[in-house]
Amino acid sequence: MTTGWLAFMSLLPIIVVGVLLVGMRMPASKAMPISFLVAAGLSLFIWQVPVKQATAASINGLITFVHVNHTNSFFK
């Protein structure tokens, strides 16, 4: 694949978020999981990241989300 095509593919999750949030006025609670699926699909099929590594990165993101959410709620 060409560098330009790979650059476009790397921007695709951000473009999807922009289209869903701004263009279709979809709530973020629905748009972000769709963007996550696009990013996960790209990592698996375009960049051929092993499933185990993609799953581990997703779990790490989930743990980070819970930690940040818990920490921010502590200060409210």
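Definitions and cut-offs
Residues numbered from 1 in each chain as written. Predicted model: local features only at pLDDT ≥ 70, side-chain atom pairs only at ≥ 80, totals over all residues. Heavy atoms only, no water. Helix = DSSP H or I, 4+ residues; strand = E, 2+ residues; numbered from the N terminus. Rg over C-alpha atoms; globule rule 2.2 N^0.38 Å. Buried < 20%, exposed > 50% of the residue type's maximum accessible area, 1.4 Å probe, protein only. Contact = heavy atoms within 4.5 Å. Areas by Shrake-Rupley, 256 points an atom, 1.4 Å probe, with all protein chains shown as cover. Phe/Tyr/Trp six-rings, centres within 6.5 Å; stacked < 30°, edge-to-face > 60°. Expected span 1.5 Å × (residues − 1). Arc of directions from axis to C-beta. Bend = angle between axes of the 7 residues up to and from the residue.

*Asks:* Break down the overall build of the protein for me, with residues and values.
*Replies:* Looking only at helices and strands, the protein has three helices and zero strands in total. For the protein, the N- to C-terminal ordering of α and β elements is α-α-α. For 76 residues, the compact-globule estimate of 2.2 N^0.38 gives 11 Å, and the protein exceeds it by more than 25% at 15 Å. Taking the principal axes of its C-alpha atoms as reference, the protein extends roughly 50 × 35 × 15 Å. The 76 residues of the protein split such that 13% are buried. Taking the intrachain contacts of the protein between residues at least 6 apart in sequence as the baseline, contacts between residues at least 24 apart amount to 36%. With the model as given, the accessible surface of the protein reaches about 6000 Å², and the carbon-plus-sulfur share is 74%.

*Asks:* Which residues make up the packing of aromatic side chains, and what are the values?
*Replies:* Tallying each qualifying case throughout the model produces one aromatic pair. Aromatic pair Trp-5 and Phe-8: ring centres 5.9 Å apart, planes at 35 degrees, arrangement tilted. Of this pair, Trp-5 and Phe-8 both sit in helix α1 (residues 3-23), three residues apart, roughly one helical turn.

*Asks:* Give me the lowdown on unusual backbone geometry, citing residues and values where you can.
*Replies:* With a phi angle near 50 degrees, Arg-25 is a residue other than glycine that sits in the positive phi range. Note that Arg-25 resides in the loop between α1 and α2 (28-45). Accessibility expressed as a relative area gives 73% for Arg-25, which makes it exposed. Unlike most non-glycine residues, Gln-48 shows phi in positive territory, near 50 degrees. Residue classification places Gln-48 among the exposed residues on the basis of a relative accessible area of 62%.

*Asks:* Mind laying out α2, listing which residues take part and the relevant values?
*Replies:* With 18 residues, α2 extends 25 Å between its outermost C-alpha atoms, agreeing within 8% with the 26 Å of an ideal straight helix rising 1.5 Å per residue. Within the span of α2, buried status applies to Ala-31, Ser-35, Leu-42 and Ser-43. Along the axis of α2, the buried positions cluster into a sector of 105 degrees, meaning they face one direction only. Of the exposed residues in α2, those oriented more than 90 degrees away from the buried face are Ser-29, Lys-30, Leu-37 and Phe-45.

*Asks:* Can you break down α1 residue by residue, with the values?
*Replies:* If you check α1, its first and last C-alpha atoms are 28 Å apart, about what 21 residues at 1.5 Å a residue would give, namely 30 Å. Along its length, α1 shows its largest kink, about 45 degrees, at Leu-12, and proline Pro-13 lies within four residues downstream of that point. Burial in α1 covers these residues: Met-9, Pro-13, Val-16, Val-17 and Leu-20. Next to the buried residues of α1 lie α2.

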